[in-house]
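# Observations on the three-dimensional arrangement
What follows is the residue order along each chain.
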Amino acid sequence: MMMLIPRTETSTGWQIATPIMAVLATMITGGLLFAIMGYDPVAAIRTIFWDPLFGPAASYSRPQLLVKAGPLILIASGLAIGFRAGIWNIGAEGQYIIGGICGAAVALAAYPGEHWWLFPAMIAAGAFGGWAWAMIPAMLRNRFGASEILVSLMLVYVAQKVAAWMAFGPLKNPEGFGFPGSRNLQQYPSASNPELIAGTGAHWGVFAAALAVLATWVLMSRHIRGFHIRAAGLAPRAARFAGVRPETLVAFCLGLSGALAGLAGIFEAAGPAGQITDSFGSGYGFTAIIVAFLGRLNPVGILLAGLLLALTYIGGELAQLTMQLPAATVQVFQGMLLFFLLGFDLLTRFRITRGVPA
Amino acid sequence: MIDLTTLIPMLMAASTPILFAALGELIVERAGVLNLGVEGMMIVGALAGFATAVATGNPYLGFVAAAVAGAAVSMVFALLTQVLLANQVASGLALTMFGLGLAALFGKAYEGIKAPAMGPGPLGLNWIVWLGLASVPAIWWFLNRTRPGLILRGVGENHDAAHGLGHPVRRVRTGAIAFGGAMAGIGGAFISIAIVLQWTEGMTAGAGWIALAIVVFSNWTAPGVLAGAWLFGGVTVLQLRLQAAGVAVPVQLLSMAPYLATILVLVLISARQKFSRRAGLGAPGSLGQNFHALR
């Protein structure tokens, strides 16, 4: 008879091993799925995980890695802090969209003037928009006890409708020949978020993501607020006795993750996306949840997980082009990855033994 | 004037998917499990049901297939949370993401196909609508008047005590999760087979999340779920009516109404549960907590 014995402390070795096991298990299961669908499994896995970095067209796809990883890491760094405290912001996608809209609105209000302050003002507006959108679930939870999970998620759908309304209404490009969507910010020098180092894909958002990793690491391991967050997640009652106010933590965690998601939104709107369209939300907010878990809610882990998930995005696009794999394959992969991760997580919290415990 | 004879069938149709999904989730939550994968199970049901209905030409077989498919994917969640003791919130989210991806992957082949027609049942409402309505008293009766229902509630209220009495906590919960999956699957299939009449990617559009909110709104009771589903159906129909009437509000803003109404209702009901003297009476005591028997 197999027995599960709870560990008194989570195992560090397994904490590092389980994400790697989850990735391998995903590759194997994914391969089986491809085989069932009638694709060559080895070629498909190679196309997704290897070719974007080292394949024949790698020089084209490699810069995309940072372009995709930037927003994922930026959003996941914020989400992980809340998850540590048991505060579930799953509406980052909505905060990302609203951040993008707010920042883009500032740019479009100033159009066509060229000002040195415009880009910083857009960044501030983007962060503010994401923060404000996240404060809705925070306030509703603190004031009325409404579930932040459901409210933040509902607000994703609302944000998507706002984006559609903006693209067809207030922010529509007057010179767009009637097509929905805002002016393209990439063609507006003061407002654009260009590639800063040629050939790397690194724009301001990528640097912001690196900064976010560093800042959240300092916060969580060196700052009293980080200690409070960890305490609240591990032992809520003990944290309360130690003077941690849950309301403050809810507002802080949701607000911070919202602001970071909003930043990701405006960097995207001013850079790779270029404009606000009705499909501006591209799922980064949801994938970032997987990034946060795969990175074990740890800043360094999130950095690596963000790069890996970015790779699946690019690899998925490549496989779509070269092997005609459906676009949804990546989504299935990401879902499976989270399944395996959560499943293997058992090993970090329990010892498996045979026989009857003493 | 709004004609009641057309309005009521519209309201019934709009509320049925949410009714099924929320009734299923009600059983799951009364057993002490929070499954946030409703949206994922619904979309899988929507596709499986649609595909079967198209292949066999029989919409009712589609609903059977949807129930089976919904229950099947819910077993992944059961494996994670009941056997591997994974966090329920994260596992539910994973199920939603996986379901949406899986349905998108296999749904490509079904785009642009029309669903076989469903004959109207009594009073112009099809049989699935009636099944949904009949499920409300049936589930109420099961929960409040039968022994298995009592055990299920006991497991949800205090899993340690239920275990101490010798009830198989994990088996009861796994059964509840499967039932929730089947009901979500039927709800999803109602969208593809009976409302939209075709398959489009992401067609459940948050219905699963609204169902989760309605379970909170219901204060974890079956009649409350019905009231919540009708309220939601009413808002949806009203919003569609206003769109059709050409009200001078952008369509995108009108279509926010169901989501905003859900938030509003959630806030009102949470406030009542928070401030009333019977605070927390509705929510099962062990909701969202995993059970691990040490003895």
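Look up a bit, the structure's there.
These notes cover the structure that comes with them. (Residues numbered from 1 in each chain as written. Chains lettered and ligands numbered in written order. Predicted model: local features only at pLDDT ≥ 70, side-chain atom pairs only at ≥ 80, totals over all residues. Heavy atoms only, no water.)

On to the overall build of chain A. Looking only at helices and strands, one finds 15 helices and two strands in chain A. Compactness check: chain A gives a C-alpha radius of gyration of 21 Å against a globular reference of 21 Å for 358 residues, within 12% of the reference. Its C-alpha atoms give chain A principal-axis dimensions of roughly 75 × 55 × 35 Å. Residue burial in chain A is summarised as follows: out of 358 residues, 56% are buried. For chain A, restricting intrachain contacts to residue pairs at least 6 apart in sequence, the fraction spanning at least 24 positions comes to 77%. Of the accessible surface of chain A, which amounts to about 15300 Å², a share of 67% is contributed by carbon and sulfur atoms. A distance of 15 Å separates the average location of the 20 positive side-chain charges in chain A from that of its 13 negative side-chain charges. (Helix = DSSP H or I, 4+ residues; strand = E, 2+ residues; numbered from the N terminus. Rg over C-alpha atoms; globule rule 2.2 N^0.38 Å. Buried < 20%, exposed > 50% of the residue type's maximum accessible area, 1.4 Å probe, protein only. Contact = heavy atoms within 4.5 Å. Areas by Shrake-Rupley, 256 points an atom, 1.4 Å probe, with all protein chains shown as cover. Lys, Arg positive; Asp, Glu negative; His and termini not counted. Charge placed at Lys NZ, Arg CZ, Asp CG, Glu CD.)

With that settled, the discussion passes to the overall build of chain B. In terms of helices and strands, chain B carries twelve helices and zero strands. Secondary structure elements in chain B, listed N-terminal to C-terminal, are α-α-α-α-α-α-α-α-α-α-α-α. Taken over C-alpha atoms, the radius of gyration comes to 19 Å for chain B, in line with the 19 Å a tight globule of 295 residues would show. The principal-axis extents of the C-alpha atoms in chain B amount to approximately 60 × 45 × 35 Å. Pairs at least 24 apart in sequence give 80% of the contacts found in chain B among residues at least 6 apart. Accessible surface, chain B as shown: approximately 11800 Å² in total, 69% of it carbon and sulfur. Side-chain charges of chain B comprise 15 positive and 8 negative groups, with the mean position of each set lying 12 Å from the other.

Okay, the interface of chain B and chain A next. Contact residues are listed per partner, giving 47 residues for chain B and 44 residues for chain A. Of the roughly 3900 Å² buried between chain B and chain A on both sides combined, carbon and sulfur atoms contribute 83%. The interface formed by chain B and chain A contains zero salt bridges. Here chain B and chain A share two residue pairs in polar contact (both at pLDDT 80 or more) between them. For the side of chain B that touches chain A, the secondary-structure elements that each account for two or more residues are α3 (59-83), α4 (88-107), α9 (207-217), α11 (251-254) and α12 (257-275) of chain B. Broken down by element, the residue count for the side of chain B that touches chain A peaks at 14 residues, all from α4(B). Along the lines of polarity and charge, the residues of the side of chain B that touches chain A split into 36 nonpolar, nine polar and two charged. (Buried area = accessible area lost by both parts, 1.4 Å probe. Salt bridge = Lys/Arg side-chain N within 4 Å of Asp/Glu carboxyl O. Polar contact = N/O pair within 3.5 Å; in protein donor to acceptor, adjacent residues only side chain to side chain. Nonpolar A, V, L, I, M, F, W, Y, C, P; charged D, E, K, R; others polar.)

Turning next to the packing of helix α4 (residues 58-84) of chain A against helix α8 (residues 204-222) of chain A. Residue and element names in this part refer to chain A. Put simply, α4 and α8 touch, their axes get as near as 8 Å, and they point 20° apart. As the angle between them shows, α4 and α8 are arranged roughly parallel. Note on packing geometry: the crossing formed by α4 with α8 is left-handed. Contacts between α4 and α8 involve L66, G70, I73, L74, S77, I81 and R84 on the former and, on the latter, G205, V206, A208, A209, A212, V213, T216, L219 and M220. Tallied by class, residues from the contact of α4 with α8 come to eleven nonpolar, four polar and one charged. (Axes fitted to C-alpha atoms, helices over the stretch in contact; angles between N-to-C directions. Parallel < 35°, antiparallel > 145°, perpendicular 65-115°, else oblique. Left-handed = near helix turned anticlockwise from the far one by under 90°.)

All names here are of chain B. Structurally, the position occupied by L260 is in helix α12. Look at L260 and you get partly exposed, because its relative accessible area is 39%. With 152 residues separating them in the primary sequence, L260 and K108 have C-alpha atoms 31 Å apart.

Residue and element names in this part refer to chain A. Take T26: it is sitting in helix α1 (residues 12-37). According to the relative accessible area criterion, T26 is buried, its value standing at 3%. Contacts of T26, omitting those with residues within four sequence positions, involve F333, M336, L337 and F340.

Here we take up the packing of aromatic side chains. Residue and element names in this part refer to chain A. Going through the model one piece at a time under the given rule, you end up with 16 aromatic pairs over all chains. Here the aromatic residues Y96, F280, Y284 and Y313 are joined through ring pairs into a cluster of three or more. The ring of F252 carries R225 above its face, with NZ or CZ at 4.6 Å from the centroid. (Phe/Tyr/Trp six-rings, centres within 6.5 Å; stacked < 30°, edge-to-face > 60°. Lys NZ or Arg CZ within 6 Å of the ring centre and 35° of its normal.)

Turning to empty space enclosed by the protein, a few remarks are in order. All names here are of chain B. Under the criterion given, the structure shown has five cavities of 30 Å³ or more. What the largest cavity holds in volume is close to 100 Å³. Considering the residues around the largest cavity, the lining is formed by I210, A213, I214, F217, G228, L231, F232, V235, P258, A261, T262 and V265. At the level of elements, α9, α10 (222-244) and α12 are the ones that each hand at least two residues to the lining of the largest cavity. The residue makeup of the lining of the largest cavity, split by class, is ten nonpolar, two polar and no charged. (1 Å grid on protein atoms, 1.4 Å probe; cavity = no way out; pocket = protein on both sides within 12 Å on 5 of 7 lines; lining within 4 Å. Points joined across faces, edges and corners; volume = space filled by probe spheres on them.)

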